[in-house]
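Survey of secondary and tertiary structure
If you want the building blocks of each chain, they are given just below.
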Amino acid sequence: MNSLRAVLVFCCLTVSVFGFELAELGSGLAYARIAQAADLGDAALAARTGQPLVLDLRYTAAADPAAAEELRALLAARAAKVPFFVLLSPQTPAAFTEPLERLPAGAVTLGVAGSVPAPGVVVAQTAETDRRAYAALSPEIPLAALLSGKFEKERFDEAALVKEFRNGNPNAAPPPAPDPAAPKTTEPAPVLTDRVLQRAVHLHRALLALKRR
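Residues numbered from 1 in each chain as written. Predicted model: local features only at pLDDT ≥ 70, side-chain atom pairs only at ≥ 80, totals over all residues. Heavy atoms only, no water.

The next subject is the nonpolar core. Grouped together as the largest cluster of nonpolar side chains are 18 residues, with contacts concentrated most on L40, L55, L57, L71, F84, F96 and L100. Elements with a minimum of two residues in this core: β3 (30–33), β4 (53–56), α3 (65–77) and β5 (84–88). Here the element with the most residues in this core is α3; it accounts for 4 residues. Not counting residues within four places of it along the chain, the set of residues in contact with L100 comprises L57, L71, L75, V86, L88 and P117. Grouped together as the second largest cluster of nonpolar side chains are 16 residues, L29, V54, L87 and L147 included. (Core = buried A, V, L, I, M, F, W, Y, C linked by side-chain atoms within 4.5 Å. Buried < 20%, exposed > 50% of the residue type's maximum accessible area, 1.4 Å probe, protein only. Helix = DSSP H or I, 4+ residues; strand = E, 2+ residues; numbered from the N terminus. Contact = heavy atoms within 4.5 Å.)

Written out as structure tokens, the structure reads:
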């Protein structure tokens, strides 16, 4: 649980590397989501840092032979035995299949059943739920929520009240308590858990734990 807490602390942070945005998942693990094949060039530059990396190729769009070459360059840039996790799905572009057959030592592929190419670690989640969890990432639902399946609502506590006063709002007050007589509203649906990404994070933590022994 302590390692998961570390993920939740750090995974909202992002850094820009060569114009490509990497998310930090904690414990030195970076996350690169390749939404467009054009991102692969910048990701290849970032890969040369030798940092443990999760490369998400589940739903990359507009992949062609040129994109396959970019992916091949990225894979070649990875140092052997440095933790490297590649996320796949049934919709991973077919152009990536051949480059992914030659992964650096220490690389692990993960995905739901039916992913292409077949992943080394099959995660128990349906392809539909995997797609929804991937698409749920937004400013309102950060990686932390998708890794934990929980979404913390904003609280208006004493600290928030003091902050409002300091910002010049003398009428600050917490929202009114719900009326017990009012009809109960439906609770919001729980946030999806991105189990493929979550498994990659857990594997990285396990590798670190083994290394410390």
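Turning our attention to the environment of R205. Examined against the element boundaries, R205 turns out to sit in helix α7 (residues 195–212). Once the C-alpha coordinates of R205 and L29 are considered, the two residues, 176 residues apart in sequence, prove to be 9.3 Å apart. Within the structure, R205 has its side chain in polar contact with the backbone oxygen of L25 (distance 2.7 Å). (Polar contact = N/O pair within 3.5 Å; in protein donor to acceptor, adjacent residues only side chain to side chain.)

On to the packing of aromatic side chains. Inspection of the entire model under this criterion finds 1 aromatic pair. Taking NZ or CZ as reference, R33 lies 3.6 Å from the ring centre of Y134, over its face. Over the ring of Y59 we find R131, and its NZ or CZ is 4.3 Å from the ring centre. (Phe/Tyr/Trp six-rings, centres within 6.5 Å; stacked < 30°, edge-to-face > 60°. Lys NZ or Arg CZ within 6 Å of the ring centre and 35° of its normal.)

Next up on the list: the pairing of strand β6 (residues 107–112). Pairing of β5 with β6 involves 5 bridges; the strand directions are parallel. When the bridges of β6 are listed, F84 appears paired with A107. Relative to strand β7 (residues 121–123), β6 is paired through 3 bridges, and the arrangement is parallel. Across the sheet, residue L110 finds its bridge partner in β7, namely V121. (Pairing = 2+ DSSP bridges.)

With respect to the helices, strands and loops of the structure, R33 is situated in strand β3. Lacking a salt bridge, the buried R33 has D56 as its closest oppositely charged neighbour, with an N-O distance of 4.3 Å. A polar side-chain atom of R33 sits 3.0 Å from a polar atom in the side chain of Y31. (Lys, Arg positive; Asp, Glu negative; His and termini not counted. Salt bridge = Lys/Arg side-chain N within 4 Å of Asp/Glu carboxyl O.)

What follows deals with the pairing of β3. Alternating residues of β3 divide into A30 and A32 and Y31 and R33, and every residue in both groups is buried. Looking at chain direction, β3 and β4 are connected through 4 bridges and run parallel. If you follow R33 over to β4, its bridge partner there is D56.

In this section: the pattern of salt bridges. Applying the stated rule across the entire model yields 6 salt bridges. Salt-bridge contacts for D194 lead to R58; the nearest nitrogen and oxygen are separated by 2.9 Å. With D194 in the loop between α6 (158–166) and α7 and R58 in the loop between β4 and α3, the pair connects residues that are 136 residues apart, well separated along the chain. In this structure, D194 and R58 share a single accessibility class: buried.

Within the secondary structure, T60 is located in the loop between β4 and α3. In this structure the side chain of T60 is engaged in a polar contact, spanning 2.7 Å, whose partner is the backbone oxygen of I34. Those residues in contact with T60 that lie beyond four places of it in its chain are I34, A35, Q36, A37, P93 and F96.

We now examine unusual backbone geometry. Trans peptide bonds make up the majority, and among non-glycine residues the majority have a negative phi. For the bond from V116 to P117, the omega torsion is -5°, close enough to zero to count as cis. With respect to the element layout, P117 can be found in the loop between β6 and β7. Despite not being glycine, S27 shows a phi value in the positive range, around 55°. With respect to the element layout, S27 can be found in the loop between β2 (20–24) and β3. With a relative accessible area of 37%, S27 lands in the partly exposed category. Look at K81: it is not a glycine, yet its phi comes out positive at around 70°. Among the secondary structure elements, K81 is positioned in the loop between α3 and β5.

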